[in-house]
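Coordinates in review
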Amino acid sequence: QLQASGGGLVQAGGSLRVACAASGRTSSLNSYAYNMAWFRQAPGKEREFVAAITGSGISTYYTDSVKGRFTISRDNAKNMVYLQMNSLKPEDTAVYYCAADRRWLPPAFVSMAYWGKGTQVTVSS
């Protein structure tokens, strides 16, 4: 399964790093064969794409609202994917989810094959 962690409460302008671990039968999801992505869903809003990274980690893709503030990375040896979030804003408040797919699906990365449980990120003003 995919499991996101590292969420919490942070003040606006602060930083937070969330992580996604692949374990069990799905440990292979966090490998070179799978592209990984982060999504978020705020209360009362639809889930939206945030960032994605190819299996090799060479290419990344971000939604416009987080460009220059968020950085996605991965460590395939540890079966981990990270999202470093800097200069956080109250509008970044959401439950953050990680997902995996063999396909590379920009711009919105819809229909990702595998999803994990989310982690809550709350940014106070």
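Let us now look at the nonpolar core. Among the nonpolar cores identified, the biggest contains 28 residues, and Trp 38, Val 50, Phe 70, Ile 72, Leu 83, Met 85 and Tyr 96 are the most heavily contacted of them. For this core, the elements supplying multiple residues, two or more each, are strand S1 (2-5), strand S3 (16-22), strand S4 (35-41), strand S5 (48-53), strand S7 (70-75), strand S8 (80-85), strand S9 (94-101) and strand S11 (119-124). Counting seven residues, the second-largest nonpolar core is a separate cluster that includes Ala 37, Phe 49, Ala 52 and Phe 109.

Once that is clear, we can look at the pattern of salt bridges. Under the definition given, this model contains five salt bridges. Note that Arg 40 is salt-bridged to Asp 92, the shortest N-O span being 2.9 Å. Taken together, the positions of Arg 40 in strand S4 and Asp 92 in the loop between S8 and S9 put the pair 52 residues apart, joining distant regions of the chain. Assigned by exposure class, Arg 40 and Asp 92 land together as buried. Here Asp 92 ties to Arg 69 by a salt bridge, and the two come within 2.7 Å at their closest N and O atoms. Pair noted here: Asp 92 is in the loop between S8 and S9 and Arg 69 is in the loop between strand S6 (60-62) and S7, with a separation of 23 residues, a long-range link. The pair Asp 92 / Arg 69 is uniform in exposure class, with both members buried. Salt bridges here are not isolated pairs; linked through shared partners, they connect Arg 40, Glu 48, Arg 69 and Asp 92.

Glancing now at the confidence of the model for the chain. When pLDDT is averaged along the chain, the result is 92; 94% of the residues meet or exceed 70. By mean pLDDT, the top-scoring element of the chain is S11 (98), and the lowest-scoring one is strand S10 (residues 114-115) (91).

Evaluation of the coordinates by the stated rule reveals one disulfide. A sulfur-sulfur distance of 2.1 Å marks the disulfide that ties Cys 20 to Cys 98. A torsion of 60° about the S-S bond marks the disulfide between Cys 20 and Cys 98 as right-handed. Within this pair, whereas Cys 20 is found in strand S3, its partner Cys 98 is found in strand S9, the two being separated by 78 residues in sequence. On the basis of relative accessible area, Cys 20 is assigned to the buried category, the value being 0%. Since its relative accessible area comes to 1%, Cys 98 is described here as buried.

Criteria and thresholds
Residues numbered from 1 in each chain as written. Predicted model: local features only at pLDDT ≥ 70, side-chain atom pairs only at ≥ 80, totals over all residues. Heavy atoms only, no water. Core = buried A, V, L, I, M, F, W, Y, C linked by side-chain atoms within 4.5 Å. Buried < 20%, exposed > 50% of the residue type's maximum accessible area, 1.4 Å probe, protein only. Helix = DSSP H or I, 4+ residues; strand = E, 2+ residues; numbered from the N terminus. Salt bridge = Lys/Arg side-chain N within 4 Å of Asp/Glu carboxyl O. pLDDT = per-residue confidence, 0-100. Disulfide = S-S within 2.5 Å.

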